Amino acid sequence: MSENKDQKFVYDFTEGNKDLKDLLGGKGANLAEMTNLGLPVPPGFTITTEACKVYLDSGDEPVELRDEVTAHLDALEKTMGKKLGQADNPLLVSVRSGAKFSMPGMMDTVLNIGLSDKSVEGLAKQAGDERFAWDSYRRLIQMFGKTVLGVDGELFEEALDEAKAAKKVTVDTDLDAGDLKKLVKHFKKIVKAEAGRDFPQDPREQMDLAIKAVFDSWNGERAKLYRRQERIPHDLGTAVNVCSMVFGNLGPDSGTGVAFTRDPASGHQGVYGDYLQNAQGEDVVAGIRNTVPLADLESIDKKSYDQLMQIMETLENHYKDLCDIEFTIERGQLWMLQTRVGKRTAGAAFRIATQLVDQGLIDEAEALQRVNGAQLAQLMFPRFDEKAEVQQVGRGIAASPGAAVGKAVFDSYTAVKWSRSGEKVILIRRETNPDDLDGMIAAEGILTSRGGKTSHAAVVARGMGKTCVCGAEELEVDTKRRRMTVPGGHVVEEGDVVSIDGSTGKVYLGEVPVVPSPVVEYFEGRMHAGADDADELVQAVHRIMAYADRVRRLRVRANADNAEDASRARRFGAQGIGLCRTEHMFLGDRRQYVERLILADTDAERDEALKALLPLQKDDFVELFEAMDGLPVTVRLLDPPLHEFLPDITELSVRVALAEARKEPHENELRLLQAVHRLHEQNPMLGLRGVRLGLVIPGLFTMQVRAIAEAAAQRIEAKGDPRAEIMIPLVGTVQELELVRDEAEQVIAEVQAQTGVELKLALGTMIELPRAAVTAGQIAECAEFFSFGTNDLTQTVWGFSRDDVEASFFTAYLEKGIFGVSPFETIDKDGVGALVRSAVESGRATRPDIKLGVCGEHGGDPESVHFFHEVGLDYVSCSPFRIPVARLEAGRAAAQSSGSDSR
């Protein structure tokens, strides 16, 4: 039942337009638009998405729908001069789905509605082709039986194969009218046996049942899965298009095809598409016969070709974009069956956007909206040559895009050693941990048999722009024996060459040729957009990026921990460092100094350990400030639990046990083992870390602050312009921040007195705990800036342990629709986002000039960048490789906001 009796549920193609996609779906709106343009569209009508919503909500169609459909069917019959399914000259219609967003193949379509035992004879006489008529009837029963009545489609396919086998032919077109009559009889028996009813002979019943089937297909499993994948809302519903049939299989003067107004692969202008004589559209898709290039239509049917070219130009100029067109020629008459803004490759998207600007069809602001960050990221990663012969041995999660080739190595030490000797390597592990960082940096790519998109390997690899495939469970990784066993029993030994594709998750044996990305060369300054060797794609990217930079409000910083990363980030357009993780400076050879700090029994031993770390930290900061001279550098004081700097408890226990058995000295290992036990926590993420470390371990934070201050002073003395910002992590209450700030200010004053250099070091905090977000107004009294650590904030808001949940139940949550996307990939606007918004408002209410940014993984996620623009942050910070993506999306967010304001 519908609530509004005046609501209109059916629109003739002459009544709608392209702006009514919410109501008429994409297909219906565009059919109406082409009709309005005077293009040859078969007459028909569209049942609205609102009717579908009523049906899905109540289980029945709106009571008004049948009468509206009857009225529009009567009008259609009058226009066509024949009745639906009449015996002598039948009107046939198609019933097609058509949602607001294109969902190709995900919902149902039924062709040739109106054929019956009587009307098939009339169609044969009308067409002068008995075989055509019976083949059309066969297709209807097969499609209707599967789609509407739920009959297993394989039963029809098996019957068709049996018919071809009996005739000793291999393709459907070799079956004659007599064969097809027998097949129709067989098909009707299948329907009776499987559906428990006869195939309906009443054409109106056929149409009504088909309409309901299309409605039902909105909630089919494949449609729901597709919507989850594409993040399409589940409450939109689908429209239903009832269109008079036109036939391309009526002889050599008929045919069907698909056309593009530009090449969807490259964006180049020209004649692109396929055509198939004497065929219906489904024949093109099924590949029953080979198509010919669309350009060949000119010699086949010059009149239709010229008309099609004119229509294609009309549609592109009207839609101001690449159009994808489906058409049929029925005995020399061209009919337009569908048009839509065509899907395209990432490269084509950038090229087409700038081409349309040059043609005066769109402006720069619109061009910016025609591309997105995901497309730019795709263009930046190297990729394998699709033409190469490959041997695929596995597939995992596509964690970080790109194409990487190298020799298999199974530990970080070997990766570094081989890399330094000039070898390209792929680091293969069951899973990675912080100890593998050196090896990950040295490797061309990372492959793990465990983990997901937010595992350590995935997060770090994305941060470095490193190709990564995670969770390839079918690969058995044996790090002790330095080998990997692939399905089929083949063993990959250390040194064997493997190739991994981080865009697809595929793993290959041997070397697959790689095609480099000119876009990265452009961003790194190795190719100038105006250079002779700069291709059209680089020029297009340059133009759109330049406009994005002009209009964006959000500044873009980098997450970088060393001068090399900082320099690369600057080349990529970073406007500072939003997160320098000082814990990464304590790995490798410096781990011994942290061990001394942890094992210190006296104040003197602790001070000695800190004293040894001070100059190392200072030198790191000097290099970092030099690389980012004149730009802000936010340094986060030590955040992770100290046990992460100690050896693994199992490994250490074995070493101690072996030493005791052999009666070898092991005092240091024993002290380390005792320290590991002492520092062990059930949930380290919520334990002794962040600001708590600085308050519990005297001198730790003050040492780091002193290193920052002395490095800044040294750079100023060298005529540099350091702009350091000190960030205290994991603050939950303003009292914690006040204590650390007091100590920090005292140290800074001491350095100023010692050096005679005036220092302006901002002090702020990360907002990564719900309590910090809720009490942001209080914390702002003591903080000059906030940086939202959305990784930990997501964990603490949801109660998730990121290292565990993806492997255990995230897949189920995504399949059940609880998540549209992982909250670690895209900001959870309703939960985490609400806290961010609240903290922004409270912080600015207390301190209007407070600087606000984000430094979690979300800082480089396209959709999240739009949210951060909306809530009023000053900057986003992300890994160096994602900086161009963040710049582009910040520009798109500003342009969209400006467009909304102007409206």
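Here, every reference points to the structure presented above.
All values derive from a computational prediction rather than experimental measurement. (Residues numbered from 1 in each chain as written. Predicted model: local features only at pLDDT ≥ 70, side-chain atom pairs only at ≥ 80, totals over all residues. Heavy atoms only, no water.)

(A) View of the overall build of the protein. Helix and strand content of the protein: 35 helices and 31 strands. C-alpha extents for the protein along the principal axes are approximately 105 × 65 × 60 Å. In the protein, buried positions account for 55% of the 903 residues. Considering only contacts in the protein between residues 6 or more positions apart, those separated by 24 or more positions represent 67%. Total accessible area on the protein is roughly 38700 Å²; 47% of this is exposed by carbon and sulfur atoms. Once the 107 positive and 143 negative side-chain charges of the protein are each reduced to a mean point, those two points are 2 Å apart. (Helix = DSSP H or I, 4+ residues; strand = E, 2+ residues; numbered from the N terminus. Buried < 20%, exposed > 50% of the residue type's maximum accessible area, 1.4 Å probe, protein only. Contact = heavy atoms within 4.5 Å. Areas by Shrake-Rupley, 256 points an atom, 1.4 Å probe, with all protein chains shown as cover. Lys, Arg positive; Asp, Glu negative; His and termini not counted. Charge placed at Lys NZ, Arg CZ, Asp CG, Glu CD.)

(B) Fine view of the pairing of strand 9 (residues 323-330). For strand 9, the tally of buried residues reaches six of eight residues, placing the bulk of the element in the interior. Across six bridges, the pairing between strand 6 (residues 255-262) and strand 9 is antiparallel. Paired with Phe260 across the two strands is Asp324, which belongs to strand 9. Note that strand 9 and strand 10 (residues 333-341) share eight bridges and pair antiparallel. Bridged to Phe327 within strand 10 is Met336. (Pairing = 2+ DSSP bridges.)

(C) Local environment of empty space enclosed by the protein. The final tally for this structure, using the stated rule, is one cavity of 30 Å³ or more. For the largest cavity, the full set of lining residues is Thr354, Val357, Glu364, Ala367, Leu368, Arg543, Ile544 and Tyr547. Among the elements of the structure, helix 13 (346-358), helix 14 (364-369) and helix 20 (536-551) are those that each provide at least two residues to the lining of the largest cavity. (1 Å grid on protein atoms, 1.4 Å probe; cavity = no way out; pocket = protein on both sides within 12 Å on 5 of 7 lines; lining within 4 Å. Points joined across faces, edges and corners; volume = space filled by probe spheres on them.)

(D) Quick peek at the sheet that holds strand 28 (residues 762-767). Taken in spatial order, the eight strands of this closed barrel run 24-25-26-27-28-29-30-31, and their pairing is parallel. For this sheet, the mean angle separating the axes of adjacent strands, direction not counted, is 25°. Pairing geometry for strand 29 (residues 785-788) and strand 30 (residues 851-854), over four bridges, is parallel. Each bridged residue has a counterpart across the sheet, and for Phe785 the counterpart in strand 30 is Lys851. Along the sheet, helix 23 (residues 603-627) makes contact with strand 25 (577-581), strand 26 (632-636) and strand 27 (723-728), crossing strand 26 at roughly 150°. (Axes fitted to C-alpha atoms, helices over the stretch in contact; angles between N-to-C directions.)

(E) Spatial organisation of the nonpolar core. If you look at the biggest cluster of nonpolar residues, it comprises 152 residues, and the most contacted ones within it are Phe350, Leu376, Val541 and Ile728. Among the elements that take part in this core, helix 27 (residues 700-717) stands out by supplying ten residues, more than any other. In terms of nonpolar packing, the next biggest core, distinct from the first, is built from 60 residues, Phe9, Phe45, Tyr137 and Phe187 among them. (Core = buried A, V, L, I, M, F, W, Y, C linked by side-chain atoms within 4.5 Å.)

(F) Inspection of a negative patch on the surface at higher detail. Taken together, the side chains of Asp152, Glu154, Glu157, Glu158, Glu162 and Glu194 make up a negatively charged region of the molecular surface. With four residues, helix 6 (residues 153-167) is the largest single contributor of residues to the negative patch. Structurally, Glu162 can be placed in helix 6. On the basis of relative accessible area, Glu162 is assigned to the partly exposed category, the value being 48%. (Patch = residues over 30% accessible without salt bridge, like charges linked within 9 Å, V, L, I, M, F, W, Y side chains within 5 Å. Salt bridge = Lys/Arg side-chain N within 4 Å of Asp/Glu carboxyl O.)

(G) Representation of the packing of helix 23 against helix 27. As a packed pair, helix 23 and helix 27 sit with axes 8 Å apart at the nearest point and diverge in direction by 40°. The orientation of helix 23 with respect to helix 27, classified from their angle, is oblique. Here helix 23 runs over helix 27; the crossing is right-handed. Residues Leu610, Leu613, Leu614, Gln617, Lys618, Phe621, Val622, Phe625 and Glu626 of helix 23 lie in contact with helix 27, whose contacting residues are Leu700, Met703, Gln704, Arg706, Ala707, Ile708, Glu710, Ala711, Ala712, Gln714 and Arg715. Tallied by class, the residues present in the contact of helix 23 with helix 27 amount to twelve nonpolar, three polar and five charged. (Parallel < 35°, antiparallel > 145°, perpendicular 65-115°, else oblique. Left-handed = near helix turned anticlockwise from the far one by under 90°. Nonpolar A, V, L, I, M, F, W, Y, C, P; charged D, E, K, R; others polar.)

(H) Just helix 15 (residues 373-380), in detail. For helix 15, the full list of buried residues reads Gly373, Gln375, Leu376, Leu379 and Met380. Projection of helix 15 onto a plane perpendicular to its axis shows the buried side chains occupying an angular sector of 160°, all on one side. Opposite the buried face of helix 15, by more than 90 degrees, sit the exposed residues Ala374 and Gln378. Measuring from the side-chain oxygen of the N-cap residue of helix 15 to the backbone nitrogen of Ala374 gives 3.1 Å; that N-cap residue is Asn372. (Arc of directions from axis to C-beta. Polar contact = N/O pair within 3.5 Å; in protein donor to acceptor, adjacent residues only side chain to side chain.)

(I) Fine view of the packing of aromatic side chains. Here the structure, examined in full by the defined rule, presents 26 aromatic pairs. With a centroid separation of 6.0 Å and 0° between ring planes, the pair formed by Tyr275 and Phe327 is classed as stacked. Of the two residues, Tyr275 sits in strand 7 (residues 269-277) while Phe327 sits in strand 9, which places them 52 residues apart along the sequence. In this pair, the class of Tyr275 matches that of Phe327, namely buried. Where Phe572 meets Phe881, the ring centres are 6.1 Å apart and the plane angle is 50°; that geometry is what we call tilted. Residue Phe572 is located in the loop between helix 21 (563-571) and strand 25, and its partner Phe881 is located in the loop between strand 31 (875-878) and helix 35 (883-902); the two are separated by 309 residues in the primary sequence. An aromatic cluster of at least three residues, connected via ring pairs, comprises Trp798, Phe800, Phe809, Phe810, Tyr813, Phe819 and Phe824. Here the basic side chain of Lys8 rests over the ring of Tyr11, its NZ or CZ set 5.0 Å away from the ring centre. The ring of Tyr875 has Arg557 sitting right over it, with the charged end atom 3.9 Å from the ring centre. (Phe/Tyr/Trp six-rings, centres within 6.5 Å; stacked < 30°, edge-to-face > 60°. Lys NZ or Arg CZ within 6 Å of the ring centre and 35° of its normal.)

(J) Representation of the environment of Lys53. Looking at the secondary structure, you find Lys53 in helix 2 (residues 49-58). In sequence terms Lys53 and Val69 are 16 residues apart; their C-alpha atoms lie 17 Å from each other. Aside from chain neighbours lying at most four places away, what touches Lys53 is Asp235 and Leu236.

(K) Structural context of unusual backbone geometry. One non-glycine residue with positive phi stands out, namely Lys320, at about 55°. Inspection of the secondary structure assignment puts Lys320 in the loop between helix 12 (302-319) and strand 9. Classification of Lys320 as partly exposed rests on a relative accessible area of 35%.

(L) Structural context of a nonpolar patch on the surface. Residues Leu695, Val696 and Leu739 make up a contiguous nonpolar surface patch of roughly 260 Å² in combined accessible area. Its location among the elements puts Leu739 in helix 28 (residues 734-755).

(M) Region of interest: the pattern of salt bridges. What the rule picks out here adds up to 54 salt bridges. Lys181 serves as the salt-bridge partner of Glu130, at 2.8 Å between the closest nitrogen and oxygen. Here Glu130 is found in helix 5 (residues 130-147), whereas its partner Lys181 is found in helix 7 (residues 177-195), with 51 residues between them in sequence. Among the residues examined, Glu130 registers a relative accessible area of 36% and is labelled partly exposed. The residue Asp198 makes a salt bridge to Lys192 at a minimum N-O spacing of 3.7 Å. On the basis of relative accessibility, which here comes to 44%, the residue Lys192 falls in the partly exposed class. A single salt-bridge network, built from bridges that share partners, covers Glu583, Arg636, Asp639, Arg689 and Asp792.

(N) Just the sheet that holds strand 3 (residues 93-99), in detail. Read across the open sheet, the five strands follow the order 1-2-5-3-4; overall the sheet is antiparallel. Unpaired on one side and paired on the other, strand 1 (10-12) and strand 4 (109-113) mark the two borders of the sheet. Pairs of neighbouring strands in the sheet enclose a mean axial angle of 20°, with direction left out of account. With three bridges connecting them, strand 3 and strand 4 associate as antiparallel partners. Across the sheet, the residue bridging to Val95 is Val110, located in strand 4.

(O) Main features of the packing of helix 22 (residues 591-599) against helix 25 (residues 667-679). Relative orientation of the contacting elements helix 22 and helix 25 amounts to 70°, with a least axis distance of 10 Å. Relative to helix 25, helix 22 is oriented roughly perpendicular. Crossing hand, helix 22 versus helix 25: left-handed. Touching Glu595, Ile598 and Leu599 of helix 22 are Asn668, Arg671, Leu672, Ala675, Arg678 and Leu679, all from helix 25. Of the residues in the contact of helix 22 with helix 25, the class split is five nonpolar, one polar and three charged.

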